[in-house]
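# Descriptive analysis of the structure
Each chain is listed here by its residues.
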Amino acid sequence: MKPLIAPSILSADFANLQRDVEMLNKSEADWIHVDIMDGVFVPNISFGFPVIKAIKKHAKKPLDVHLMIANPDNFLKEFKEAGADNLSVHYEGCTHLHRTIHAIRDLGMKAGVAINPHTPVNVLQDIISEIDLVILMSVNPGFGGQKFIESTIQKVKYLKQLITTKKSKAKIEVDGGVDLKNAPLLVKAGADALVAGNTVFGSKNPTETISLLKNSK
Ligand code: DX5
Ligand code: ZN
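Throughout what follows, the structure given in this document is the object of discussion. (Residues numbered from 1 in each chain as written. Chains lettered and ligands numbered in written order. Predicted model: local features only at pLDDT ≥ 70, side-chain atom pairs only at ≥ 80, totals over all residues. Heavy atoms only, no water.)

The next point concerns the nonpolar core. Membership of the largest hydrophobic core comes to 60 residues, with the highest contact counts inside it found for Ile9 and Leu159. The biggest single contributor to this core is helix 5 (residues 152-165), with five residues. When neighbours within four sequence positions are excluded, Leu159 is seen to be in contact with Val121, Leu124, Ile128, Val134, Leu136 and Ile172. (Core = buried A, V, L, I, M, F, W, Y, C linked by side-chain atoms within 4.5 Å. Buried < 20%, exposed > 50% of the residue type's maximum accessible area, 1.4 Å probe, protein only. Helix = DSSP H or I, 4+ residues; strand = E, 2+ residues; numbered from the N terminus. Contact = heavy atoms within 4.5 Å.)

Taken together, 20 residues lie around ligand 1, and Asp35, Gly142, Gly145, Asp175 and Gly197 are the ones closest in. Asp35 is positioned such that a nitrogen or oxygen atom in its side chain is 2.7 Å from an oxygen atom of ligand 1. When isolated, ligand 1 has an accessible area of 380 Å², and the protein chains bury 99% of it. Listing elements by their share of the shell around ligand 1, those giving two or more residues are strand 2 (32-37), strand 3 (63-68) and strand 8 (193-196). By residue number, the principal contributor to the shell around ligand 1 is strand 2, which donates three residues. (Near = heavy atom within 4 Å. Polar contact = N/O pair within 3.5 Å; in protein donor to acceptor, adjacent residues only side chain to side chain. Areas by Shrake-Rupley, 256 points an atom, 1.4 Å probe, with all protein chains shown as cover.)

Attention shifts here to the packing of aromatic side chains. A full pass over the atoms with the stated rule returns three aromatic pairs. Taking 5.6 Å as the distance between ring centres and 85° as the angle between the ring planes, the aromatic pair formed by Phe14 and Phe47 counts as edge-to-face. Taken together, the positions of Phe14 in the loop between strand 1 (4-7) and helix 1 (17-26) and Phe47 in the loop between strand 2 and helix 2 (49-58) put the pair 33 residues apart, joining distant regions of the chain. Residue classification places Phe47 among the buried residues on the basis of a relative accessible area of 10%. (Phe/Tyr/Trp six-rings, centres within 6.5 Å; stacked < 30°, edge-to-face > 60°.)

The next subject is the pairing of strand 6 (residues 133-137). Among the five residues in strand 6, five count as buried, and that is most of the element. On strand 6, burial covers both faces: Leu133, Ile135 and Met137 on one face and Val134 and Leu136 on the other are all buried. The pairing of strand 5 (residues 110-115) with strand 6 spans four bridges and is parallel. The partner of Ile115 across the bridge, within strand 6, is Leu136. Note: strand 6 against strand 7 (residues 171-175), five bridges, orientation parallel. When the sheet's bridge partners are listed, Met137 is paired in strand 7 with Asp175. Tracing the backbone out of strand 6, into helix 5 and back to the parallel element strand 7 gives a crossover that is right-handed. (Pairing = 2+ DSSP bridges. Right-handed = clockwise from strand over helix to strand, strands pointing away.)

Given below as structure tokens:
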């Protein structure tokens with residue numbers, strides 16, 4: 001199975017967002033990954049609702065929104081209204097994760113849970129059958145262009161086992177430092193979706209790079 005490719009708009013040219021979104025529309029990308037950072041949960045600030053709405057206006061592919069914010073419960077409806085199709089929250093940032101997941105689903109979005117590199121996958125065992133997506137962070141969240149943490153490949157395998165055991169339909173998405181070298185290893189380990197920021201937008205021909213990632217094997 002070919003992986004879903006989710007280029008991260010964080011590495012796009014913000015002065016030419018429409019151009020970059022249109023490039024993604026015409027490419028083999030499946031989702032547009034949208035990173036939201038609040039300067040509290042992570043040591044960086046990205047952008048907020050007006051920018052998501054601007055992306056949505058031009059996007060022909062689903063918006064895969066990754067919240068790296070404290071208290072995401074306060075804003076779930078606003079993210080839906082801004083155009084989120086997948087909405088992922090961090091395990092480490094949600095005290096009542098079960099409630100948050102169901103609130104996301106009740107709003108008509110796919111619900112995802114992201115876990116940081118230090119968080120073991122087995123903390124998801126009692127929620128895995130109720131979620132649509134797990135984002136395995138392969139860098140510490142907050143910045144694009146960081147180095148891939150190799151042990152994530154083993155983590156993908158553990159998560160795949162957990163998903164099979166629990167008969168869950170959750171997809172595995174890997175986020176951070178994904179490149180043309182580790183992509184085939186991640187797919188082989190069981191990843192269903194790959195996020196790529198720097199690898200796509202830092203390349204000479206982003207459309208071709210997306211296609212190479214899509215055909216990783
Ligand atoms: C990291 C973000 C990532 C980031 C990935 O905090 O969650 O989605 O944009 O960028 P690259 O692929 O450049 O590591
Ligand atoms: Zn992300």
